[in-house]
Amino acid sequence: MYKRVSGTKDILPEDIINWQGIEEICRKTFRLYNYSEIRTPLIEDSALFNRSLGQTTEIIQKQMFIFNNKDESYALRPEGTASIVRAYIENNLDKSSRFLKFYYMGPMFRLERPQKGRLRQFNHIGCEAIGSYDAYLDTEVIALSDALLSRIGVKDAKIKINTLGCAADKAALAEKLRNELEPCAELLCEECRKRLKTNVLRILDCKTESCRKIVQGLRNNKQEYLCNDCRNHFDEVKKGLDSLKIKYTLDHNLVRGLDYYTQTVFEITHDSLGAQDAIGAGGRYNNLVKELGGPDLGAIGFAFGMERLMLSLKTKINLEENKLIYIVTLGKEAMLSGAQALEILRKNNIAADMDYEKKSVKGAMRRASDLNARYALIIGDDELKKGILTLKDMQKGTQTETTLDNLIKEMKC
Ligand code: HAM
């Protein structure tokens, strides 16, 4: 028997209601905030990610699905931001208006050790706003992530925010940290001992208990390394969030695992997720557009992990009343009438299905109930003779006689 590849998931019909519900709510909400959808390829030149995410990040070091073709190296995209910036530059999208807002949904790939909420193929729902340095854009983007969660129905999510400052601020903080941490290198976990040389900021959000203790004991105030512009920018972001009454906590150890971030970073967590508790994350990346060959433009975005949204959503999304009509037939002739009725109902945009398993009436009615059908339409000898249909209201349990025309009229109002 074949099995799915480790770290991948089948999305079964029972999960699809919430899955599609989340997508639909997100599409509507993104449009409300004037974001347009963008779709980029699943494969990209590996160099795009090497350049954007940073050579020393975990994704580049060990999590990329790479395949080579002659002298080209392709990667399955591990995230969406780099591809969208590439598409923005390659398609000259800045020529019409420099400031553009995009949203996207689709699969991402990372060669991680699979566990609850951590997959090798997972889906992002995210957005990127490219072309502005304004702090109120940061506020909008964080408020949008909050609005999406409340519209989807995810309760008790927590937003943490921090600022990393500009490239110069980040470098100053990294140097100070390295000086402070080097004397206690022995006490750090193996990964953080490597990070001390390659990516010292990541030590700040290491989950290992021994590293956390050391980080908590650090004397330095990370905000000290911010230049005036970055400090003012962050103050404005917080002011904006306060004015919109968005709840958040400040976490000066939040650094995020991708090198492109500058200034505001944020992460949204949910207690139900266990060790992998981030449902979504994002931040500013003011240097990336230029670094990939485009103009010097500020940008910010975030992405939710779809599978983690699904895990933290405890209710069923009910976008519209299920109006399925389920046809139950008795006998061969009735089956033909049923097939004709199905065709007419569907032509009138009414969802309909029929029992193709030749179940007993009782069994077919049970199926109608399992499918949450609004009505069951019964066609037997009696009905055929009289030229009528028996309609059972599955919610009220009542039964009436009707014609197809009348039923269509009723369903349409
Ligand atoms: P990220 O934090 O790497 O950010 O991923 C965003 C979210 O994707 C995570 O918070 C998590 O919910 C989900 N996720 C990540 N890896 C996995 C995995 N292996 N299995 C399941 N879910 C996962 C980014 O990718 C940035 N591009 C976000 C961004 C957009 N920043 C600015 N714009």
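Residues numbered from 1 in each chain as written. Predicted model: local features only at pLDDT ≥ 70, side-chain atom pairs only at ≥ 80, totals over all residues. Heavy atoms only, no water.

Trainee: What is the right way to look at the overall build of the protein chain in this model?
Mentor: Across its full length, the protein chain carries 15 helices and 16 strands. Relative to its length of 413 residues, the protein chain is extended, with a C-alpha radius of gyration of 27 Å against a globular reference of 22 Å. Referenced to the eigenvectors of the C-alpha coordinate spread, the extents of the protein chain come out at roughly 90 × 50 × 45 Å. Buried residues in the protein chain amount to 51% of all 413 residues. (Helix = DSSP H or I, 4+ residues; strand = E, 2+ residues; numbered from the N terminus. Rg over C-alpha atoms; globule rule 2.2 N^0.38 Å. Buried < 20%, exposed > 50% of the residue type's maximum accessible area, 1.4 Å probe, protein only.)

Trainee: Could you clarify how one ought to interpret the packing of helix α5 (residues 135–152) against helix α9 (residues 228–243) in this entry?
Mentor: The packing of two helices is summarised by the inter-axis angle and the distance between the axes. The N-to-C vectors of α5 and α9 enclose an angle of 45°; their axes lie 8 Å apart at closest approach. Taken together, the axes of α5 and α9 lie oblique to each other. Where α5 crosses over α9, the handedness of that crossing is right-handed. Of the residues in α9, those in contact with Ala 135, Tyr 136, Asp 138, Thr 139 and Ile 142 of α5 are His 233, Glu 236, Val 237, Lys 239, Gly 240 and Leu 241. When grouped by side-chain class, the residues that make up the contact of α5 with α9 number five nonpolar, three polar and three charged. (Axes fitted to C-alpha atoms, helices over the stretch in contact; angles between N-to-C directions. Parallel < 35°, antiparallel > 145°, perpendicular 65-115°, else oblique. Left-handed = near helix turned anticlockwise from the far one by under 90°. Contact = heavy atoms within 4.5 Å. Nonpolar A, V, L, I, M, F, W, Y, C, P; charged D, E, K, R; others polar.)

Trainee: It is not clear to me how α5 should be interpreted in this structure. Could you clarify?
Mentor: In an α-helix, one turn spans 3.6 residues; hence positions three or four apart end up facing the same way. Spanning 18 residues, α5 covers 26 Å between terminal C-alpha atoms, matching the ideal 26 Å at 1.5 Å per step. In terms of burial, α5 is a largely internal element, 13 of the 18 residues being buried. Of the residues that open α5, the one with a side-chain oxygen 2.7 Å from the backbone nitrogen of Tyr 136 is Asp 134. Once α5 ends, the next one or two residues include Gly 153, with phi positive near 105°. (Expected span 1.5 Å × (residues − 1). Polar contact = N/O pair within 3.5 Å; in protein donor to acceptor, adjacent residues only side chain to side chain.)

Trainee: Got a minute to help me understand the environment of Leu 148 in this structure?
Mentor: By secondary structure assignment, the location of Leu 148 is in helix α5. With 120 residues separating them along the chain, Leu 148 and Lys 28 place their C-alpha atoms 9.7 Å apart. Setting aside anything within four residues of it in sequence, one finds Leu 148 in contact with Cys 26, Thr 29, Phe 30, Phe 302 and Phe 304.

Trainee: Looking at this model, I keep getting lost on empty space enclosed by the protein. Mind explaining?
Mentor: Any empty space left between the atoms is revealed when a probe the size of a water molecule rolls over them. Counted according to the given criterion, the structure contains one cavity of 30 Å³ or more. Each pocket or cavity is described by its volume, and for the largest cavity that value is around 70 Å³. As for the largest cavity, its lining consists of 13 residues, of which Thr 163, Leu 164, Leu 173, Lys 222 and Gln 223 are closest to the centre. Of all the elements in the fold, those that place two or more residues in the lining of the largest cavity are β7 (158–163) and α6 (167–181). With three residues, α6 is the largest single contributor of residues to the lining of the largest cavity. In terms of residue class, the lining of the largest cavity is built from six nonpolar, four polar and three charged. (1 Å grid on protein atoms, 1.4 Å probe; cavity = no way out; pocket = protein on both sides within 12 Å on 5 of 7 lines; lining within 4 Å. Points joined across faces, edges and corners; volume = space filled by probe spheres on them.)

Trainee: Hey, could you run me through the side chain of Thr 81 in this one?
Mentor: Note that Thr 81 resides in helix α4 (residues 81–90). A distance of 3.2 Å separates the side chain of Thr 81 from the side chain of Glu 79, its partner in a polar contact. In this structure Thr 81 touches Tyr 104, Glu 128, Tyr 260, Tyr 285 and Leu 288, once residues within four positions along its chain are discounted.

Trainee: So what exactly am I meant to see when it comes to the packing of helix α12 (residues 332–347) against helix α15 (residues 404–412) here?
Mentor: Contact geometry for α12 and α15: axes closest at 11 Å, N-to-C directions at 30°. Taken together, the axes of α12 and α15 are roughly parallel relative to one another. Classified by chirality, the crossing of α15 by α12 is right-handed. Within the contact between the two elements, α12 uses Ala 341, Ile 344 and Leu 345 and α15 uses Leu 404, Leu 407 and Ile 408. Its residues placed into classes, the contact of α12 with α15 shows six nonpolar, no polar and no charged.

Trainee: Which parts of the structure should I look at to understand the sheet that holds strand β12 (residues 325–329)?
Mentor: Sheet strands line up and pair through hydrogen bonds in the backbone, either parallel or antiparallel. Pairing within the open sheet is mixed, and its five strands lie in the order β13-β12-β14-β15-β16. Edge positions in the sheet fall to β13 (352–354) and β16 (399–402), since each has one partner strand and no second. Looking at each pair of strands side by side, their axes are set apart by 25° on average, direction ignored. Note: β12 against strand β14 (residues 375–379), five bridges, orientation parallel. Of the residues in β14, the one forming a bridge with Val 328 is Ile 378. Along the sheet face, helix α13 (residues 361–370) touches β12, β14 and β15 (389–393) and points at about 170° away from the line of β12. Here α15 sits on the sheet and contacts β12, β14, β15 and β16; the angle it forms with β14, its principal contact strand, is near 175°. (Pairing = 2+ DSSP bridges.)

Trainee: Any chance you could explain helix α7 (residues 190–198) here in plain terms?
Mentor: Inspection of α7 places Cys 192, Arg 195 and Leu 196 among the buried residues, and these make up the whole buried set. Each buried residue of α7 sits inside an arc of 110° when the element is viewed along its axis, so together they form one side. Away from its buried face by more than 90 degrees, α7 exposes Glu 190 and Lys 197. Buried residues in α7 make contact with α3 (58–63), α6 and α8 (209–216). (Arc of directions from axis to C-beta.)

Trainee: I tried to follow the site of the ligand on my own but got confused; where do I start?
Mentor: As a structural note, the neighbourhood of the ligand is formed by 27 residues, with Glu 79, Glu 112, His 124, Arg 256 and Tyr 261 the closest of them. A distance of 2.8 Å separates a nitrogen atom of the ligand from a polar backbone atom of Leu 119. Between the ligand and Ile 279, the relevant distance is 3.0 Å, taken from an oxygen atom to a main-chain nitrogen or oxygen of the residue. For the ligand, whose accessible area on its own is 650 Å², the fraction buried by protein is 95%. Breaking the shell around the ligand down by element, the ones donating at least two residues are β6 (121–130), β10 (278–284) and β11 (299–305). Looking at the shell around the ligand, the element that brings in the most residues is β10, giving six residues. When its residues are assigned to classes, the shell around the ligand shows twelve nonpolar, eight polar and seven charged. (Near = heavy atom within 4 Å. Areas by Shrake-Rupley, 256 points an atom, 1.4 Å probe, with all protein chains shown as cover.)

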